[in-house]
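Here are the chains, one letter per residue:
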Amino acid sequence: MKEIAPTRESFQEIAAAADRLLTGLAGLRDADVPEPSRLPGWTRGHVLSHLARQAPALERLLEWARTGVETPQYANRGARDAEIAAGAGRPAAVQVADVRESAAHFQHVIETLPAPAWQAEIRPFTGELCTPRRILVIRLRELELHHVDLGIGYGWHDIPGSARDIILADVLGYYAEAGGVPAFTLRDPGGEVLGRFGTGGPVVTGPAADALAWLAGRSGGTGLTSTAGLPALPAWL
């Protein structure tokens, strides 16, 4: 799974993603909150509640790294889902304020985490053993993908290349370790290999943004071509 170093540049990448999201939310109305998002079964309110509550959940993992005391991201999936649902129906201004304040607090935590803590081993809710460097990827990924999921005018091609490439590498890393992935090669329009799985299989070609949308389960393959049809991927996350 993808990890990135805790540098001024990586911290700024996360801050910029949060700023883009908050800029997009500037015109959010109360009537927009209960509207469906692009995620099946989730309203925009669910997505916003998740983004706001994810920040302190990730901070619990950073506290684990800092102190050495095991602090789970969530008690269990039921508790996570209940927390999201509880905040989903709040008015737009409350939702946006929560996203803003939780993002600012998360930013402060990562920028002040002691150097030794970045080498500690922790285990996110998804089960992998990693260091807090992975938390930076997770937060960036969630900010960008869920910004698109909100359906407020931000698309896959709006994700800056620096952020997109980190997230794409992370998703490709997931499939590299997952079972049931059919053989195929993923290339960009210039022919550069973005990912290769197994031996043989079709060659899937397209812009990195469209590849990310497909790999993340948000697209049926719009913008991509294949030499023998798009392979059927197992569910991502």
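Above this text you will find the structure in question.
Notes on the structure in this doc start here. The written sequence of each chain sets the order in which its residues are numbered from 1. The predicted origin of the model limits local features to residues at a pLDDT of at least 70 and limits the giving and counting of side-chain atom pairs to 80 or more, whereas totals for whole chains, interfaces and linings rest on all residues. Derived side-chain values reflect all non-hydrogen atoms in the structure, with water molecules and hydrogen atoms excluded from consideration.

### Remarks on the sheet that holds strand β4 (residues 225–226)
Moving on, step 1. The four strands lie next to each other as β2-β1-β3-β4, forming an open sheet whose pairing is mixed. Of all strands in the sheet, those with a lone pairing partner are β2 (193–197) and β4, marking the two edges.
Moving on, step 2. Note: strand β3 (residues 203–205) against β4, two bridges, orientation antiparallel. Considered in β4, the bridge of Val204 is made with Ser226.
Moving on, step 3. Whether two residues are in contact is decided by their heavy atoms: any pair within 4.5 Å suffices. The convention used is that axes are lines fitted to C-alpha atoms, helices contributing only their stretch in contact, and that angles between N-to-C directions extend from 0 to 180 degrees. Secondary structure follows DSSP: runs of H or I at least 4 residues long count as helices, runs of E at least 2 residues long count as strands, and numbering of each begins at the N terminus. Along the sheet, helix α6 (residues 161–177) contacts β1 (184–187) and β2; its crossing angle with β2, the most-contacted strand, is approximately 10 degrees.
Moving on, step 4. This element, helix α7 (residues 208–215), spans β1, β2 and β3 of the sheet and lies at about 140 degrees to β1. A strand pair is defined by DSSP finding two or more bridges across the two strands.

### Notes on the packing of helix α5 (residues 132–149) against α6
Moving on, step 1. Close contact between α5 and α6 brings their axes to 10 Å; oriented N to C, the two are set at 110 degrees. When the axis of α5 is compared with that of α6, the two are roughly perpendicular. Here α5 runs over α6; the crossing is left-handed. Counting all contacts with α5, which are made through Arg134, Val137, Leu140, Arg141, Glu144 and Leu145, the residues of α6 involved are Ala163, Ile166, Ile167 and Asp170. Under this scheme an angle from 65 to 115 degrees is roughly perpendicular, one under 35 degrees roughly parallel, and one over 145 degrees roughly antiparallel; angles in between are oblique. Left-handed describes a crossing whose near helix is turned anticlockwise from the far helix by less than a right angle; the clockwise case is right-handed.

### Notes on the pattern of salt bridges
Moving on, step 1. By definition, a salt bridge exists where a carboxyl oxygen of Asp or Glu is found within 4 Å of a side-chain nitrogen of Lys or Arg. Going through the model one piece at a time under the given rule, you end up with twelve salt bridges.
Moving on, step 2. Where Glu142 meets Arg141, a salt bridge forms, and the shortest distance between an N and an O atom there is 3.4 Å. For the pair formed by Glu142 and Arg141, the shared burial category is buried.
Moving on, step 3. A cluster of three or more residues bridged by salt bridges with shared partners is formed by Glu128, Arg134, Arg141, Glu142 and Asp170. Relative accessibility thresholds used throughout: buried, under 20% of the residue-type maximum; exposed, over 50%; partly exposed, between the two (1.4 Å probe, protein chains only).

### A closer look at the pairing of β2
Moving on, step 1. Here four bridges tie β1 to β2, and the two strands are oriented antiparallel to one another. Following the sheet pairing, Thr185 is matched in β2 by Arg196.
Moving on, step 2. The antiparallel hairpin formed by β1 and β2 contains five residues in its connecting segment, where Gly191 sits at a positive phi of about 95 degrees.

### Digging into the environment of Gln54
Moving on, step 1. Secondary-structure assignment places Gln54 in helix α2 (residues 44–67).
Moving on, step 2. Between the C-alpha atom of Gln54 and that of Phe106, which follows or precedes it by 52 residues, the distance is 9.6 Å.
Moving on, step 3. Only 2.8 Å separates the side chain of Gln54 from the side chain of Arg139, close enough to count as a polar contact. Nitrogen and oxygen atoms within 3.5 Å of one another constitute a polar contact, given that in protein one can donate a hydrogen and the other can accept it, and given that sequence-neighbouring residues count only through two side-chain atoms.

### Here's the deal with helix α4 (residues 92–112)
Moving on, step 1. Taking 1.5 Å per residue as the helical rise, α4 with its 21 residues ought to reach 30 Å, and the 30 Å between its terminal C-alpha atoms agrees with that figure.
Moving on, step 2. All of the buried residues in α4 are Ala92, Gln95, Val96, Asp98, Val99, Ser102, Ala103, Phe106, Gln107, Val109 and Ile110. Each buried residue of α4 lies within a common arc of 165 degrees when the element is viewed along its axis, so the set occupies one face. Among the exposed residues of α4, those pointing more than 90 degrees away from its buried face are Ala93 and Glu101.
Moving on, step 3. The inward-facing, buried residues of α4 contact α1 (8–24), α2, α3 (77–87) and α5. One fewer than the residue count of a helix, multiplied by 1.5 Å, yields its expected span. Comment: arc refers to directions from the helix axis out to C-beta atoms.

### Here we look at the nonpolar core
Moving on, step 1. Here, the term nonpolar core denotes a set of buried Ala, Val, Leu, Ile, Met, Phe, Trp, Tyr and Cys residues that are joined through side-chain atoms within 4.5 Å. One finds Leu25, Phe106, Ile110, Ile135, Trp156, Leu212 and Leu215 to be the most contacted residues of the largest nonpolar core, which totals 68 residues.
Moving on, step 2. If one sorts the elements of this core by residue count, α2 sits on top with ten residues.
Moving on, step 3. When neighbours within four sequence positions are excluded, Ile110 is seen to be in contact with Phe11, Ile14, Leu62, Trp118 and Leu136.

### Examining the side chain of Gln107
Moving on, step 1. Position of Gln107 among the secondary structure elements: in helix α4.
Moving on, step 2. According to the relative accessible area criterion, Gln107 is buried, its value standing at 11%.
Moving on, step 3. Among the polar contacts made by the side chain of Gln107, one reaches the side chain of Glu111 at a distance of 3.0 Å.

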